[in-house]
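Here are the chains, one letter per residue:
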Amino acid sequence: MKSKSKNPQFDIMKFFKPALIIMMAVVLVAGLLVGLVGFNKGMDFCGGTQLVVQFENSIIDIENESNFRIASNGIKEILAENNVRIESFQTQGEYGTKTFVITFKKTTNKTLQDIRVAINKHFNASEAFDEVKNDDIKVVEFLGDAFDMTRQTTEINATQNSYSWFIVGAGLLFALVLAVVYACIRFKTLGGLTMAISGIVDVLLALSFVALARIEINTYIFAVTAVILCVSVFSTADLLFAIKEKGADPTLKIKSNKDLVSYAVDGLWKKNQIAYSIALVICLIIGILTVQNILHVALACIAGLAVVYATHLFFVPALWSVMVRQRHYVLAHNLQSKQEEDDEDEEVEEE
């Protein structure tokens, strides 16, 4: 008696067209957003400001713990009132010469000027400033004076530019080509093509979500993009190995490619769901419990992992099935099976 396999629980074609439409819409909208306003760039890409606040002419002594809190909280409030987010807040110098060194993303000259004026008005006790503090024009002219508490403030140049994107993109493309060559050897040309398309789509979708969610990008985005591509390549290879294994199963000889892929996804999606869920939780915990810059890294990783999991469930398996269609050996198995059934029927009639 012939053993029959149960029908696959997951229909790979059911969500293929909706997933394709959603993916195209996300990339299109994100592309328009990036074209109009760009990514939410951090200091590595747009530069910033190093605000240095000295207290030798101040009304308070920050060597005193309570005065230190008053000064730091006061400066943070001034920055917040001007919609400036602090990247780092440090104390430098020795006793009697301590200064605050605050870095933040590049802002307008007017905003920086307002911040420096506000700090002097709150804390500057020098006679030179006392003479001009009631005249707004003279206060602005006072900035840079020897008694200006913020006179050592400087600009920080961007460390990354479009050339960095080109170099990283070329490196990732080279790595993807190597992976595709391997896939072509192990899974034939269409297997390699599937890996190439899935890798490119996953990276584009992940960057699209980063742009749409306005996640701040710094140098870390290059490493995150590389990780996303690696996870995508690994997931595609895992799927192709599963399809190959199902194709060698004697009980599935008469099944179509669509069925083979559906059986492969049935065996993978629960395992992948657990692995991706654990990875997402770890990224979320790390992001919440660490500094804000790491939070952006964690959010970008979460976007990438979610994209790879979704595409390898709703898009990549169906893509492979659509491209490969009906393979010759599947047709051969169908014909052979039909011939065997006809022979059995003829034997029964002769009896």
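Residues numbered from 1 in each chain as written. Predicted model: local features only at pLDDT ≥ 70, side-chain atom pairs only at ≥ 80, totals over all residues. Heavy atoms only, no water.

Asks: Even after reading the chapter, I still don't get the sheet that holds strand E1 (residues 48-54), so can you show me in this structure?
Replies: Note on sheets: strands pair through backbone hydrogen bonds, and any given pair is parallel or antiparallel. A sheet is described by the order of its strands in space; here four strands give the open sequence E2-E3-E1-E4, paired in antiparallel fashion. The open sheet terminates on both sides in strands that have one partner only, identified here as strand E2 (86-92) and strand E4 (154-156). Along the sheet, successive strands turn relative to each other by an average axial angle of 20°, direction set aside. For E2 and strand E3 (residues 99-105), the ladder comprises six bridges, and the chain directions are antiparallel. Counted as the bridge partner of Gln-92 is Thr-99 from E3. Here helix H3 (residues 65-81) sits on the sheet and contacts E1, E2 and E3; the angle it forms with E3, its principal contact strand, is near 20°. Each of E1 and E3 touches helix H4 (residues 109-123); the most contacted strand, E1, lies at about 10° to it. (Pairing = 2+ DSSP bridges. Helix = DSSP H or I, 4+ residues; strand = E, 2+ residues; numbered from the N terminus. Axes fitted to C-alpha atoms, helices over the stretch in contact; angles between N-to-C directions. Contact = heavy atoms within 4.5 Å.)

Asks: Can you walk me through the packing of aromatic side chains in this structure?
Replies: Any two aromatic rings considered together are summarised by their centre-to-centre distance and by the angle between their planes. The final tally for this structure, using the stated rule, is 14 aromatic pairs. With 5.0 Å between their ring centres and 75° between their planes, Phe-55 and Phe-100 make a pair best called edge-to-face. Here Phe-55 is found in the loop between E1 and H3, whereas its partner Phe-100 is found in strand E3, with 45 residues between them in sequence. The residues Phe-55 and Phe-100 share a single accessibility class, namely buried. Through successive ring pairs, a cluster of aromatic residues spans Phe-55, Phe-68, Phe-89, Phe-100 and Phe-123. Against the face of Phe-89 rests Lys-76, its NZ or CZ located 5.1 Å from the ring centre. (Phe/Tyr/Trp six-rings, centres within 6.5 Å; stacked < 30°, edge-to-face > 60°. Buried < 20%, exposed > 50% of the residue type's maximum accessible area, 1.4 Å probe, protein only. Lys NZ or Arg CZ within 6 Å of the ring centre and 35° of its normal.)

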